[in-house]
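Working through the structure, step by step
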Amino acid sequence: MSSQKLDTKGGGMTELVGEHHHKLDAKGRVSMPSAFRKVLPKNLKVTLSPKKECLYVFEPDSFSMWVNSFFESEGGYKPTSSRHVALRRALNARARDVEVDNSGRIGLSADMRAEAGLDKEVVLTGNDDHLEIWNAKRWDEFLNSVDFSDLFSD
């Protein structure tokens, strides 16, 4: 349940791991785990996960790399492709800039909380280049659905 800095290709990339249970306050703010606060910048990007199961929180550069990753299988982003332009526009439009406040919290807009089904009890999980904010019950359901035996072949 820790985080560490990795230096890859000369640039800093944060590797986030761990599971942290928190509560949203009355204003929709959540405290960032201290392990995450130590390695993340103050300015972050929050977006709805593609399947609307949780919120993703990225460093700005990691968010851009995530958006671009959707086009890698097609040779990269093509500004002449109306499909690429529409998809990138939609991905960027649903992201929000957030800042970690002096108390180590980030504010989540009401519309994003509603879309991701977040209420009082939430779980923040590290997922390498980003962290995820899940409804606690939905997180438990997800974990119970994972079969770790799939990691091993017969």
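All of these numbers come straight from a predicted model, not from anything done at the bench.

Procedures and definitions
- Residues numbered from 1 in each chain as written.
- Predicted model: local features only at pLDDT ≥ 70, side-chain atom pairs only at ≥ 80, totals over all residues.
- Heavy atoms only, no water.
- UniProt positions renumbered as here; feature names shortened; annotations may be inferred.
- Helix = DSSP H or I, 4+ residues; strand = E, 2+ residues; numbered from the N terminus.
- Buried < 20%, exposed > 50% of the residue type's maximum accessible area, 1.4 Å probe, protein only.
- Phe/Tyr/Trp six-rings, centres within 6.5 Å; stacked < 30°, edge-to-face > 60°.
- Lys NZ or Arg CZ within 6 Å of the ring centre and 35° of its normal.

1. Topic: the UniProt feature "domain: SpoVT-AbrB" (unreviewed entry) in the protein
Within the UniProt annotation, "domain: SpoVT-AbrB" (unreviewed entry) is assigned to residues 19-62 and 95-138. The distance separating the terminal C-alpha atoms of residues 19-62 is 20 Å; by composition the span is 16% helix and 41% strand. A helix fraction of 23% and a strand fraction of 45% characterise residues 95-138, whose end C-alpha atoms lie 22 Å from each other.

2. What about unusual backbone geometry?
The backbone phi angle of Lys52 is positive, close to 60 degrees, even though this residue is not glycine. Mapped onto the secondary structure, Lys52 falls in the loop between strand S5 (43-48) and strand S6 (55-58). By relative accessible area, which is 41% here, Lys52 ends up partly exposed. Here the phi dihedral of Asp128 falls at roughly 65 degrees; this positive angle occurs in a residue that is not glycine. Positionally, Asp128 belongs in the loop between strand S9 (121-127) and strand S10 (130-135).

3. Concerning the packing of aromatic side chains
This model, assessed by the stated rule, comprises 10 aromatic pairs. Centre to centre, the rings of Tyr56 and Phe58 are 6.0 Å apart; their planes meet at 80 degrees, and the pair counts as edge-to-face. Note that Arg88 overlies the ring of Tyr77, its terminal NZ or CZ placed 3.8 Å from the centroid.

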